[in-house]
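# Geometric and topological summary
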Amino acid sequence: IIPDFELPTYEGLEIKSATTDASEEEITTMLNQILDQRAEYNVVEKSAGKGDYVRCSYEGKIGDDLIAQLAPDAPIYGSQSSTWEEAGSVDSPGVSAVVEALVGLSAGDEKEIIFDFANDFKIQALSGKSATYYIKVEEVREKILPELNDDFFKSIQVKDVVELRQQLSQNISSQKKQQNFQAERQQITDQLNQAVDLALPQSGIESETETILRDFMQRNIQQGTQIEDLDAQKEALHASAYKAAEDRLKSRIILSKIAEKENIKIENEDFSQVIMNEAMQTGQKPEKLVKELRKDQDRINKMRTDILLSKAMDLLIEKSVQANTDTAD
């Protein structure tokens, strides 16, 4: 049972949006990412330069104690019998000092380095400790980027570098527009939730919490996360999902009342658009999806509700006021 409440002022809400233009620097960064994805790595008899890949082994100690024994659940900080590392990479998930030390080393080289773990390091047994790492290089592979020639442009179906950069600019702009789309709706949601004091039904919160947790688990398992790792965070995940469920349920209730007040209607075209979008995302034929929906009234009801709330949010965006800023907070 939803208690009655007064709608806040929902016309003229202020939102901030970031520019959707692609800068030359962003275009170049994306181009470099494409080149990196198509790079070749050739074995070389020279010292490793930054960006080259090195096959190596390393073992860490703190005093006379092996880190592999002090932190058995984090082997990346203990020892690796054979691993590939990008020399000099600032994004390496492992021991940064090892990765940095690989620059200038050749196959067969050995090196001893000192690495000081931060006082607030996430692994208690290592925090604040000074470690010694023994590194041995087995192989160096030089990264060779593809040339920007006709063969390369043909492989990615563009005429030349000008057309490629134009295409990348459009892609970046589309990404930014989608980010704005989400950010603007979140800003509206936050403002509505802050303006309304509403006692939420416990059953609704619990149902939303279960949905959020289920979706989160499915996404992470698909991305390779181990169930054991998720179980270890069970309490924290539930607390986070519970808070998100409260916010989501509250905003849905407010939007439903706005839709009712504004007499928002659902047209056949709205259903058709949602069905087409879902068919494209799932790779199904629209007519097959329609047949499935006819057998599932709960799914139809959920779709109806989602369309209604989406149209209410579109109305609020249309009636919003754009803040005078170039960046979204």
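Notes on the structure in this doc start here. Since the model is a prediction, treat every value here as computed from it, not as a measurement.

### With respect to the layout of surface pockets
For the largest pocket, the calculated volume is near 1500 Å³. Looking at the largest pocket, it is lined by 37 residues, and the ones nearest its centre are Arg252, Lys302, Asp306, Leu309 and Ser310. Grouping the constituent residues of the lining of the largest pocket by class yields ten nonpolar, 13 polar and 14 charged.

### Concerning the nonpolar core
Of all hydrophobic cores here, the largest spans 30 residues; its most connected members are Phe5, Ile188, Leu192, Ile254, Leu255, Ile258 and Leu316. No other element matches helix 8 (residues 234–261), which puts nine residues into this core. Excluding its chain neighbours within four sequence positions, the residues that come into contact with Leu192 are Pro8, Tyr10, Leu13, Ile254, Leu255, Ile258 and Leu316. Among the nonpolar cores identified, the runner-up in size contains 28 residues, and Ala74, Leu102, Phe121 and Ala131 belong to it.

### Overview of a nonpolar patch on the surface
Together, Leu148, Val161 and Val162 give the surface a local cluster of nonpolar side chains, amounting to about 230 Å² of exposed area. Locating Leu148 in the fold gives a position in the loop between strand 7 (130–144) and helix 4 (150–155).

### Some thoughts on the packing of helix 10 (residues 286–294) against helix 11 (residues 297–318)
Helices that pack against each other are described as a pair by the angle of their axes relative to one another and the distance between those axes. In the contact formed by helix 10 and helix 11, the axes pass within 7 Å of each other and the chain directions differ by 110 degrees. By the criterion of interaxial angle, the relationship of helix 10 to helix 11 is roughly perpendicular. In this structure, helix 10 uses Leu289, Glu292, Leu293 and Arg294 to contact helix 11, whose residues at the interface are Gln297, Arg299, Ile300 and Met303. Of the residues contributing to the contact of helix 10 with helix 11, the split by class is four nonpolar, one polar and three charged.

### A look at helix 5 (residues 161–195)
An ideal rise of 1.5 Å per residue puts 51 Å on 35 residues; helix 5 measures up with 51 Å between its terminal C-alpha atoms. You can read the cap of helix 5 off the contacts: a side-chain oxygen lies 3.2 Å from the backbone nitrogen of Val162, and it is on Asp160.

### Some points on helix 6 (residues 202–222)
A rise of 1.5 Å per residue sets the reference length of helix 6, with its 21 residues, at 30 Å; its end C-alpha atoms lie 30 Å apart and thus fit the reference within 8%. Considered for burial, the residues of helix 6 that qualify are Gly204, Ile205, Glu208, Thr209, Ile212, Leu213 and Asn220. Along the long axis of helix 6, the arc covered by the buried residues comes to 160 degrees, so they all point the same way. For helix 6, exposure combined with an orientation more than 90 degrees from the buried face picks out Ser203, Glu210 and Gln222. Looking at the buried side of helix 6, the elements it contacts are helix 7 (227–232) and helix 8. Count one or two residues on from helix 6 and you reach Gly224, which has phi positive near 100 degrees.

Thresholds, definitions, all that
Residues numbered from 1 in each chain as written. Predicted model: local features only at pLDDT ≥ 70, side-chain atom pairs only at ≥ 80, totals over all residues. Heavy atoms only, no water. 1 Å grid on protein atoms, 1.4 Å probe; cavity = no way out; pocket = protein on both sides within 12 Å on 5 of 7 lines; lining within 4 Å. Points joined across faces, edges and corners; volume = space filled by probe spheres on them. Nonpolar A, V, L, I, M, F, W, Y, C, P; charged D, E, K, R; others polar. Core = buried A, V, L, I, M, F, W, Y, C linked by side-chain atoms within 4.5 Å. Buried < 20%, exposed > 50% of the residue type's maximum accessible area, 1.4 Å probe, protein only. Helix = DSSP H or I, 4+ residues; strand = E, 2+ residues; numbered from the N terminus. Contact = heavy atoms within 4.5 Å. Patch = residues over 30% accessible without salt bridge, like charges linked within 9 Å, V, L, I, M, F, W, Y side chains within 5 Å. Areas by Shrake-Rupley, 256 points an atom, 1.4 Å probe, with all protein chains shown as cover. Salt bridge = Lys/Arg side-chain N within 4 Å of Asp/Glu carboxyl O. Axes fitted to C-alpha atoms, helices over the stretch in contact; angles between N-to-C directions. Parallel < 35°, antiparallel > 145°, perpendicular 65-115°, else oblique. Expected span 1.5 Å × (residues − 1). Polar contact = N/O pair within 3.5 Å; in protein donor to acceptor, adjacent residues only side chain to side chain. Arc of directions from axis to C-beta.

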